[in-house]
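Each chain, written out:
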Number of protein chains: 2
Amino acid sequence: MIAANDPNIRSWVDIPENSDFPIQNLPFGVFKTAQLSPRVGVAIGDHIVDLKTLHVLGYMENLPFEQSDFHSASLNKIINRGKKATRELRNRLSKLLRSDVPDLKNKEHHVNQVLVKMSDAQMLLPVEIGDYTDFYSSIEHARNVGMMFRDPENALLPNWKHLPVGYHGRSSSIAVSGVDFHRPKGQTLPAGAAEPVFGPSRLLDFELEMAFITYPGKPLGQSISTEEAENYIFGMTLFNDWSARDIQKWEYVPLGPFLAKNFISTMSPWVVTLDALEPFKVQGPEQDPAVLPYLQYEGMKNYNIDLQVAIAPEGKQPTTICNSNFRYMYWNQSQQLAHHTINGCNIRGGDVMASGTISGKEPGSYGSMLELSWQGTKTIALADGDERKFLQDGDTVIVTGQASNGQTRIGFGEAKAKILPALS
Amino acid sequence: MIAANDPNIRSWVDIPENSDFPIQNLPFGVFKTAQLSPRVGVAIGDHIVDLKTLHVLGYMENLPFEQSDFHSASLNKIINRGKKATRELRNRLSKLLRSDVPDLKNKEHHVNQVLVKMSDAQMLLPVEIGDYTDFYSSIEHARNVGMMFRDPENALLPNWKHLPVGYHGRSSSIAVSGVDFHRPKGQTLPAGAAEPVFGPSRLLDFELEMAFITYPGKPLGQSISTEEAENYIFGMTLFNDWSARDIQKWEYVPLGPFLAKNFISTMSPWVVTLDALEPFKVQGPEQDPAVLPYLQYEGMKNYNIDLQVAIAPEGKQPTTICNSNFRYMYWNQSQQLAHHTINGCNIRGGDVMASGTISGKEPGSYGSMLELSWQGTKTIALADGDERKFLQDGDTVIVTGQASNGQTRIGFGEAKAKILPALS
């Protein structure tokens, strides 16, 4: 067991019940405050540990990091130190925050410098993203979309069970939770029309996803095997791959989604390390037909992570409209990374690879409005008599997630953003 | 007229006849030598002007640049200074290199420090690429591929004439000219087979493209109009979007090309500024049906740039197999950029947007082996009795380009790479 994952550890930092951030989590993020310039921190309860200050105060001795690694507006520098380094770092932080270790706990003047209230901090996008890839790895989602967009009789395309279908997305427009955005405009083809029209998207949607963030990979030309893949994955976040379904339908053949997706994607600010998720591994679904040897894997590569999506209309309380789980993924992250690099494609530290919409078997677990409203043929009830088929201006969409196994419960925080009216 | 474009200017630097780099060009690149660390340079004849040293020697006075902008492994810092700054820089360099301006010419000890022989230098990838987008803007290419991959009767999809179809590509695997690569491996579905097989691609291809490099754009949510677009384009390069056709055919429905493209793309090292290309503007093709207002434009936005592709088998001389021209593009760069940002997608300095394969009407102007060999049904003759349908191991593909108008001829150098055997 990774030392920091011990479920029996307690922290001297006060941690509210059901916090997403117990001492067993210790996710990494980047924050600033009115006083503090952007820097790396770790979440614990309602606080952030300021790692730059912790380094200055001498608590990082014998770890392979420099002060500038933490005094940075992204996690890339610590990620680029590699898995062994970040694992040692998390174990050190766990030790410093344990209630039975006095080193930091008993130095009140240090504690006051190092602990920042989350409510005083603004979280920033955690990584400078080189490339962003989006997969399409939930079989239920692929089947649902195939039924609606293509052919109900042949919903799953012939390649789907043979390879983790994926495509390149836009990294410039990935924003941290809390960045609101205007409804995108674009071309759509109204039903029955011969010519497209231009205007704000009428079918704005979320996509419930998770994303993983990579360590630096191998040189261009070399591949990462499924066995090696976890050594190249730093951690995971929640991810909302906002989609304009009407723009998508008109533009996506033959080269895939483009403007239907790249107006914004929302990422949660805290990167939960793959190490912290180790206790939540579960068996993935059986893959039938058998996959080619380079996609075969051993052991458990899926994760039991409960996921929720809630909608809060302007000025109203949120209603949870989707309960899904990351364990549903047909293709796991190790297979995704092995596939991505089998042709020699190189990855860099801080690349983001998202799962694709995570839908379960039951309608209540569908991870998009497209599926929940079955292309607008059904109504989704919200509190106070509100209802939706697609998203409206003023709606805030909140994605949350937690992993628990009876002993430990760790959370991902949230990926949240509000839809503002289209710019005129 | 931009001062540096004056066709009557001559340089005191010796410039071989038909050089790609007369004083009217002055393209920017990044180089290093055995003695010099990576830095920004400008090509003139067979030499590179070392801009870092030029700055140190005081020749950049009153220009909005710092020494570190030039002492850098990418052009991003100078690009991020904006169009006005880079235009002033090019005009200053033009002045310093003119035969009738003595400032630098007569200082032999400075000239010796500033002029580096191209043969002593190694060119590096000119930009750190945030995002890479590939368009599909040649109507002849789209029609040819549509006939082969889909339906000869409906080769052009319904959206094609209404919007510049594009998709996101992989930026990590874009390499500078001269970086050879191994034939990619991947999944393909043999004709008539029910299950895919794994192995080296058998249908390796080039795609003759050009790419433009952007200045920093507007904040997320705002759009760049066709009228504004040229203010956000720094310059252009040659681009080879290598493609594995058999991998592409199996993977690309429904989300577009992925592993068929992202194993490598080859970019020429010298970025020819849009300013230098100003004298080569030509009218684009008529667009019928009329495009939506946000895609309409005024003036000439196409460029008359001759393009060639040659293949050199291992140890043999190259044979030119394609003669095309950038003026054939149905969608121009200003339309591409306006479309890309119409939904609020943001661009950053150093983003790369490629044209898509540039095919003309005649078979000899087709910009890929797929089209030249008409999906392998025809043979392409090389010198010495060699022939090809697709590319073989040991083949070097060389893309070249030049713009000329009777008064001035400026070139792009080359985008070249060799195919090594697949790794076992």
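These numbers come from a predicted model, not from an experiment.

**Focus on the domain arrangement of chain A**
It is common to give the size of an interface as the accessible area that goes away when the parts come together.
All names here are of chain A.
Now for step 1: According to the domain assignment, chain A consists of domain 1 (3–124) and domain 2 (132–420).
Now for step 2: A separation of 29 Å is found between the C-alpha centroids of domain 1 and domain 2.
Now for step 3: Summing both sides of the interface, domain 1 and domain 2 together bury roughly 2200 Å²; the carbon and sulfur share of this comes to 59%.
Now for step 4: The largest per-residue losses of area from domain 1 upon contact with domain 2 belong to Asp 20, Ile 79 and Lys 83, which jointly make up 27% of the total buried on that side.
Now for step 5: In this structure, the connection of domain 1 to domain 2 is made through two salt bridges.
Now for step 6: The partner of Arg 87 in a salt bridge is Asp 275, and the shortest N-O contact between them spans 2.8 Å.
Now for step 7: There are 13 residue pairs in polar contact (both at pLDDT 80 or more) connecting domain 1 and domain 2.

**Quick word on the interface of chain B and chain A**
Now for step 1: Each partner contributes to the interface: chain B provides 58 residues, whereas chain A provides 58 residues.
Now for step 2: Of the roughly 5400 Å² buried between chain B and chain A on both sides combined, carbon and sulfur atoms contribute 61%.
Now for step 3: Across the chain B-chain A interface, the total number found is four salt bridges.
Now for step 4: Of the charged contacts, one joins B:Asp351 and A:Arg170 as a salt bridge, the two residues approaching to 2.6 Å between their closest N and O atoms.
Now for step 5: Joining chain B to chain A, the criterion identifies 30 residue pairs in polar contact (both at pLDDT 80 or more).
Now for step 6: Counting only elements with at least two residues in the side of chain B that touches chain A, the list comes to strand S6 (132–135), strand S7 (166–169), strand S10 (185–188), strand S11 (197–200), helix H8 (245–251) and helix H10 (333–341) of chain B.
Now for step 7: Per-element tally for the side of chain B that touches chain A: the top contributor is S7(B), with four residues.

**Section: helix H7 (residues 139–149) of chain A**
Residues and elements named next belong to chain A.
Now for step 1: Among the 11 residues that make up H7, nine are buried, leaving the element largely enclosed by the rest of the structure.
Now for step 2: Of all the residues in H7, the buried ones are Ile 139, Glu 140, His 141, Ala 142, Asn 144, Val 145, Gly 146, Met 148 and Phe 149.
Now for step 3: Tucked into the core, H7 has its buried residues touching helix H8 (245–251) and helix H11 (369–372).

**What about the confidence of the model for chain A?**
Residue and element names in this part refer to chain A.
Now for step 1: Scored by pLDDT, chain A comes out at a mean of 97, with 100% of its residues at no less than 70.
Now for step 2: Looking at the elements of chain A, mean pLDDT is at its lowest for H7, recorded as 93, and at its highest for strand S1 (residues 28–32), recorded as 99.
Now for step 3: For this predicted complex, the interface score ipTM comes out at 0.97, while the overall pTM is 0.98.

**Brief notes about helix H4 (residues 83–97) of chain A**
Now for step 1: Taking 1.5 Å of rise per residue, 15 residues should cover 21 Å, and H4(A) covers 21 Å from first to last C-alpha, within 8% of that figure.
Now for step 2: Restricting attention to buried positions, one finds in H4(A) the residues A:Lys83, A:Ala85, A:Thr86, A:Leu89, A:Arg90, A:Leu93, A:Ser94, A:Leu96 and A:Leu97.

**Observations regarding the sheet that holds strand S4 (residues 115–117) of chain B**
All names here are of chain B.
Now for step 1: Taken in spatial order, the five strands of this open sheet run S4-S3-S2-S1-S5, and their pairing is antiparallel. Edge positions in the sheet fall to S4 and strand S5 (122–124), since each has one partner strand and no second. Strand-to-strand twist of the sheet, defined as the mean angle between neighbouring strand axes without regard to direction, takes the value 50°.
Now for step 2: Here strand S3 (residues 47–50) runs beside S4; their pairing, made up of three bridges, is antiparallel. By the bridge assignment for S4, Val 49 is matched with Leu 115.
Now for step 3: Contacts between helix H4 (residues 83–97) and the sheet are confined to strand S1 (28–32), strand S2 (39–44) and S3, with S1 contributing the most and set at about 70° to the helix.

**A word on the packing of aromatic side chains**
Now for step 1: According to the stated counting rule, one finds 26 aromatic pairs over all chains in the structure shown.
Now for step 2: Note on A:Trp160 and A:Tyr330: the rings are 5.2 Å apart at their centroids and 50° apart in plane angle, and the pair reads as tilted. One end of the pair, A:Trp160, is in the loop between H7 and strand S7 (166–169); the other, A:Tyr330, is in the loop between strand S21 (319–325) and helix H10 (333–341), and 170 residues separate them in sequence.
Now for step 3: Judged by relative accessible area, which is 1%, A:Trp160 ranks as buried.
Now for step 4: Relative to B:Phe198, the ring of A:Tyr294 has its centre 4.9 Å away and its plane inclined at 35°; by these criteria the two rings are tilted. With A:Tyr294 in the loop between strand S18 (281–282) and strand S19 (302–303) and B:Phe198 in strand S11, this pair bridges two chains.

**Observations concerning the relation of the copies chain B and chain A**
Now for step 1: Overlaying chain B with chain A gives an RMSD of 0.0 Å, the required rotation being 180° about an axis along which the chain moves by 0.0 Å. The transformation relating the two chain copies, once decomposed into turn and shift, fits a two-fold axis. If distances are taken from each C-alpha of chain B to the rotation axis, the shortest is found for B:Gly256, at 2.2 Å.
Now for step 2: Residue by residue, 100% of the interface of chain B is reproduced at the interface of chain A, so both copies engage with the same surface.

**Details of unusual backbone geometry**
All names here are of chain A.
Now for step 1: Going from Val 253 to Pro 254, the amide bond is cis rather than trans, its omega being 10°.
Now for step 2: Note that the residue after Asp 288, namely Pro 289, is joined by a cis bond; omega there is 10°.
Now for step 3: Inspection of the secondary structure puts Pro 289 in the loop between S18 and S19.
Now for step 4: The phi dihedral of Asn 18 is positive, around 60°, even though this residue is not glycine.
Now for step 5: Its place among the elements puts Asn 18 in the segment before S1.
Now for step 6: Even without glycine at this site, Asn 62 takes up a positive phi of about 65°.
Now for step 7: Within the element layout of this structure, Asn 62 appears in the loop between helix H1 (51–56) and helix H2 (67–70).
Now for step 8: Since its relative accessible area comes to 71%, Asn 62 is described here as exposed.

**Let's talk about the pattern of salt bridges**
Residue and element names in this part refer to chain B.
Now for step 1: Under the counting rule described, the total for this entry stands at 50 salt bridges over all chains.
Now for step 2: The shortest N-O distance in the salt bridge between Arg 81 and Asp 69 comes to 2.8 Å. Residue Arg 81 is found in the loop between helix H3 (76–79) and H4, and its partner Asp 69 is found in helix H2 (residues 67–70); the two are separated by 12 residues along the sequence.
Now for step 3: The class of Arg 81 is partly exposed, set by a relative accessible area of 36%.

Each value, and the rule that gives it
Residues numbered from 1 in each chain as written. Chains lettered and ligands numbered in written order. Predicted model: local features only at pLDDT ≥ 70, side-chain atom pairs only at ≥ 80, totals over all residues. Heavy atoms only, no water. Domains from an automatic or database assignment. Buried area = accessible area lost by both parts, 1.4 Å probe. Salt bridge = Lys/Arg side-chain N within 4 Å of Asp/Glu carboxyl O. Polar contact = N/O pair within 3.5 Å; in protein donor to acceptor, adjacent residues only side chain to side chain. Contact = heavy atoms within 4.5 Å. Helix = DSSP H or I, 4+ residues; strand = E, 2+ residues; numbered from the N terminus. Buried < 20%, exposed > 50% of the residue type's maximum accessible area, 1.4 Å probe, protein only. pLDDT = per-residue confidence, 0-100. Expected span 1.5 Å × (residues − 1). Pairing = 2+ DSSP bridges. Axes fitted to C-alpha atoms, helices over the stretch in contact; angles between N-to-C directions. Phe/Tyr/Trp six-rings, centres within 6.5 Å; stacked < 30°, edge-to-face > 60°. Least-squares fit on C-alpha atoms with pLDDT ≥ 70 in both.

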